[in-house]
Amino acid sequence: MSELDFFRHYLGLTTREGDLIKYKADISVDGIEIHNVKISNRDSLYEPKGIIVGNDSAGKKVLMGPKEKIEKIKKSKKIPIDVSNTTIHKTIKEDSFFGFYAVHSIAKIAYEWYCYINDITEYKEEYQEIVDYILGNIKEDVVDIIIDGNYYYTIDRMMEIGDNSLFQYDDIDGYRYVVFNLWRTISYRVKICQSPDKVSLNERLIFKVYLYKINGIKDKDPQQFEIHFRGFLMDYIFKTMRTQDITKNPDIWKVFQNRLGKIISTISLSIHRLKQEVEKISINLEKYQLGKIDFAKFLGFGDESILITIDVIRKLYLNIDKYDYGKTFNENLPIILNSDRNIIHKTKEDKREIEEGLMTMDKDNDLFENIRNWINVFNEIYMKEIQKNP
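Parameters and conventions
- Residues numbered from 1 in each chain as written.
- Predicted model: local features only at pLDDT ≥ 70, side-chain atom pairs only at ≥ 80, totals over all residues.
- Heavy atoms only, no water.
- Axes fitted to C-alpha atoms, helices over the stretch in contact; angles between N-to-C directions.
- Helix = DSSP H or I, 4+ residues; strand = E, 2+ residues; numbered from the N terminus.
- Parallel < 35°, antiparallel > 145°, perpendicular 65-115°, else oblique.
- Contact = heavy atoms within 4.5 Å.
- Nonpolar A, V, L, I, M, F, W, Y, C, P; charged D, E, K, R; others polar.
- Buried < 20%, exposed > 50% of the residue type's maximum accessible area, 1.4 Å probe, protein only.
- Pairing = 2+ DSSP bridges.
- Core = buried A, V, L, I, M, F, W, Y, C linked by side-chain atoms within 4.5 Å.
- Patch = residues over 30% accessible without salt bridge, like charges linked within 9 Å, V, L, I, M, F, W, Y side chains within 5 Å.
- Areas by Shrake-Rupley, 256 points an atom, 1.4 Å probe, with all protein chains shown as cover.
- Salt bridge = Lys/Arg side-chain N within 4 Å of Asp/Glu carboxyl O.
- Phe/Tyr/Trp six-rings, centres within 6.5 Å; stacked < 30°, edge-to-face > 60°.

(A) Structural detail: the packing of helix H10 (residues 271-289) against helix H12 (residues 304-318). Their axes nearest at 10 Å, the elements H10 and H12 cross at an angle of 100°. Comparing their axes, H12 and H10 come out roughly perpendicular. Contacts between H10 and H12 involve Arg273, Leu274, Glu277, Val278 and Ile281 from the first element and Ser305, Ile306, Thr309, Ile310, Val312 and Ile313 from the second. Taken together, the residues that form the contact of H10 with H12 break down as seven nonpolar, two polar and two charged.

In structure tokens:
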């Protein structure tokens, strides 16, 4: 499922070795479109150490790189380009989330989680259908997609972008299901087996939801959410749609595209993720002060994570008098950011405003001192947080 690497990268996930996840995307460089380019970060585009390989709209190979390396390639048309005018974009493909391999992988995750959470250690005949589906022996629909707005409103309040959640429940159709919410974007409902219990729609149903945070932390106890029916006669608990029908419905597909798009424009903040970004900024700040890198390189050529992190530690510095060291970082952050959630959503205009503000400080020779002060305040908060929660 390499198509998901683009989203994993923007969620801040790394390989087992701690390296940035590389992904393929399309880029626009000085008016030229290059497709299927392998990218690790913005530096790899603005300051490529080697040759970047992609394809043009006709499928012909396109090479981009430093002039001295391109000049060595014979029998090729060479065009000088201005890499300062570079944008990265990615077309979200339906198959990445609703195709054969995607839904079968989801079914496997749901079944394995179900066995784990219920201490099932051996195969039982009642799971024949789901096992056959995972192995590709049957084509029956075992996975569908929840499209219930009320459900998403409730589950979104429990999660941050990048988190995963799972829960099991018995539906009135006589089957037991596992619901897997991927990154707080799409919820897959996977049929596990026939339900041993008969379900009756009382005034409310309670579901135990297991949350798996993007920072790798699992909640010790499941959270609960309820559905109140208030006497309505229903023939389903959650409104769902077959995976193959999602993209046939433009309105439904657009909703999921928008939810997936938030991964790119939103950063879920934890003190550990901020610490990683602050360390990078601190190193590059020293390099910039010594003249080893320029301003654009310092800001990662407009990297969203760097700009947003700088903005957050600036706000921590300006509002340190509001910070309550008796509370956790996550409890303080919404107050500091004037938000009800530990997430930051920035538009292109917001990011441009942050960058222009930093440019003004740089011209006034205040950039180094200001950011160093902001980093010092964050590090003080970080050390006290770690002491409380080692």
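(B) Focus on the pairing of strand E9 (residues 186-194). Burial analysis of E9 places eight of its nine residues in the buried class, which makes it a mostly covered element. Where strand E6 (residues 143-146) and E9 come together, three bridges link them in antiparallel fashion. Note that in E9 the partner of Asp144 across the bridge is Arg189. In this structure, strand E8 (residues 175-182) lies alongside E9, joined through eight bridges in antiparallel fashion. Bridge pairing in E9 places Val178 opposite Val190. Between E8 and E9, which follow one another and run antiparallel, lie three residues, and Trp183 among them has a positive phi close to 60°.

(C) Spotlight on the nonpolar core. Membership of the largest hydrophobic core comes to 72 residues, with the highest contact counts inside it found for Phe97, Phe225, Phe238 and Phe256. Considering every element that reaches this core, the biggest residue donor is helix H5 (residues 100-117), with eight residues. In contact with Phe238, other than residues within four places in its own chain, are Ile146, Asp148, Tyr151, Phe167, Tyr169, Phe207, Phe225 and Ile227. In terms of nonpolar packing, the next biggest core, distinct from the first, is built from 33 residues, Val312, Ile354, Met361 and Ile371 among them.

(D) Highlighting a nonpolar patch on the surface. A cluster of nonpolar side chains, contributed by Ile32, Ile79 and Ile81, occupies part of the molecular surface with about 230 Å² of accessible area. With respect to the helices, strands and loops of the structure, Ile32 is situated in strand E2 (residues 32-39). The exposure class assigned to Ile32 is partly exposed, which follows from its relative accessible area of 31%.

(E) Representation of the packing of aromatic side chains. Across all of its chains, the model carries 26 aromatic pairs by this definition. On the basis of an interplanar angle of 85° and a centroid distance of 5.4 Å, the ring pair of Phe6 and Phe7 is categorised as edge-to-face. By relative accessible area, which is 3% here, Phe7 ends up buried. Seen from their ring centres, Phe167 and Phe238 are 6.2 Å apart, and the 65° between their planes marks the pair as edge-to-face.

(F) Molecular detail of unusual backbone geometry. One non-glycine residue, Asp119, lies in the positive phi region at around 55°. Along the chain, Asp119 turns up in the loop between H5 and helix H6 (128-134). Overall, Asp119 belongs to the exposed group, its relative accessible area being 66%. You will see that Arg184, though not glycine, has its phi angle at about 65°, which is positive.

(G) Structural view of the side chain of His104. Along the chain, the position of His104 falls in helix H5. When its relative accessible area of 11% is taken as the criterion, His104 is described as buried. In contact with His104, other than residues within four places in its own chain, are Tyr133 and Ile134.

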